Amino acid sequence: MAGDDPNLVGGVEVTVSIKDGKPNFSSLAEHFKTPGGGEMGGMLLLTSGDIDLSGTPHGNVQLMVVLDDGAYGAGYRFPSDPWQAVALAIDPPGAPVAPTPVFDRAQWPAAFAPPSVSSDQRSVTWVDLESDLNVYEYSVAINGPTGRVVLDPKIMPGGSTNR
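Here's what I pulled together on the structure shown here. The residue numbering used here restarts from 1 in each chain and proceeds along that chain's sequence as written. Two thresholds apply to this predicted model, a pLDDT of at least 70 for residue-level local features and 80 or more for giving and counting side-chain atom pairs, whereas whole-chain, interface and lining totals are computed over all residues. As a convention, hydrogens and water are excluded, and side-chain values are obtained from all of the structure's heavy atoms.

1. What about the overall build of the protein?
Put simply, the test is: Note on conventions: DSSP H or I runs of at least 4 residues are helices, E runs of at least 2 residues are strands, and numbering of each starts at the N terminus. Burial classes: relative accessible area under 20% of the type maximum marks a residue as buried, over 50% as exposed, and values in between as partly exposed (1.4 Å probe, protein chains only). Throughout, a contact is declared for two residues whenever any of their heavy atoms are within 4.5 Å. All accessibility values rest on the Shrake-Rupley procedure with a 1.4 Å probe; residue burial counts only the protein chains present in the view.
Across its full length, the protein carries two helices and twelve strands. Starting at the N terminus and ending at the C terminus, the protein contains elements arranged as β-β-β-β-β-β-α-α-β-β-β-β-β-β. For the protein, with 163 residues in total, the buried portion stands at 45%. Taking the contacts inside the protein whose residues are at least 6 apart along the sequence as the reference set, 60% of them involve residues at least 24 apart. Summing over all exposed atoms, the protein offers an accessible surface of approximately 7800 Å²; the carbon and sulfur share of this is 52%.

2. Quick word on the pattern of salt bridges
Condition: Whenever Lys or Arg places a side-chain nitrogen within 4 Å of a carboxyl oxygen from Asp or Glu, that contact is recorded as a salt bridge.
A full pass over the atoms with the stated rule returns one salt bridge. Measuring nitrogen to oxygen at the nearest pair gives 2.3 Å for the salt bridge that ties Arg122 to Asp69. Placement of the pair is Arg122 in the loop between β8 (112-117) and β9 (123-128) and Asp69 in helix α1 (residues 69-73), with a sequence separation of 53 residues.

3. Concerning the packing of aromatic side chains
Test applied: Classification of ring pairs rests on two measures: the distance between centres of Phe, Tyr or Trp rings, Trp counted by its six-membered ring, which must be within 6.5 Å, and the angle between planes, read as stacked under 30 degrees, edge-to-face over 60 and tilted in between. Remark: a charge is flagged as sitting over a ring if the NZ atom of Lys or the CZ atom of Arg is within 6 Å of the ring centre and within 35 degrees of the ring normal.
Applying the stated rule across the entire model yields five aromatic pairs. Taken together, a centroid distance of 6.4 Å and an interplanar angle of 75° make the contact between Trp108 and Phe112 edge-to-face. There is no split in this pair, since Trp108 and Phe112 are both buried. Centroid distance Trp126 to Tyr138: 5.8 Å. Interplanar angle 50°. Geometry classified as tilted. Of the two residues, Trp126 sits in strand β9 while Tyr138 sits in strand β10 (residues 136-144), which places them twelve residues apart along the sequence. For the pair formed by Trp126 and Tyr138, the shared burial category is buried. An aromatic cluster is built from Trp83, Trp108, Phe112 and Tyr136, whose rings are joined through pairwise contacts. In this structure, Arg77 is placed above the aromatic ring of Tyr72, and the distance from its NZ or CZ to the ring centre is 3.6 Å. The ring of Phe103 is capped by Arg148, whose NZ or CZ atom sits 4.5 Å from the centre of that ring.

Structure below.
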């Protein structure tokens, strides 16, 4: 986790694996601090790749998507341009269809710190600044042997305290 952020309360790492010959979300690891200094859980990764932050403490949350050994070994990589690796869009309450996130720096919501891609292109990281209670669609793009693959799950708002 980014140790220089005093408001960082934890992090989530979502893993992408190969299933039936294509990239899919496979697991989630989490790490959160409680007000007393202990550790807590409460995250949920649905089969769709959705991330539920509703049980987390108030504060910034670092989100990371990582390619496992199988996906990385099969030639999948995140684009080196972080704005092409992850995209976010607000999913308005009551909207009949969630918006499709746009891979473009100009479309990046202010509620999130800018993304970064690791030098080996195995992971993409960004921080949810917990500045609103919106639900966000997020997409991650992975370049692979057969071209670009986009995975499109959702991030549910978090923070167990009132804002």
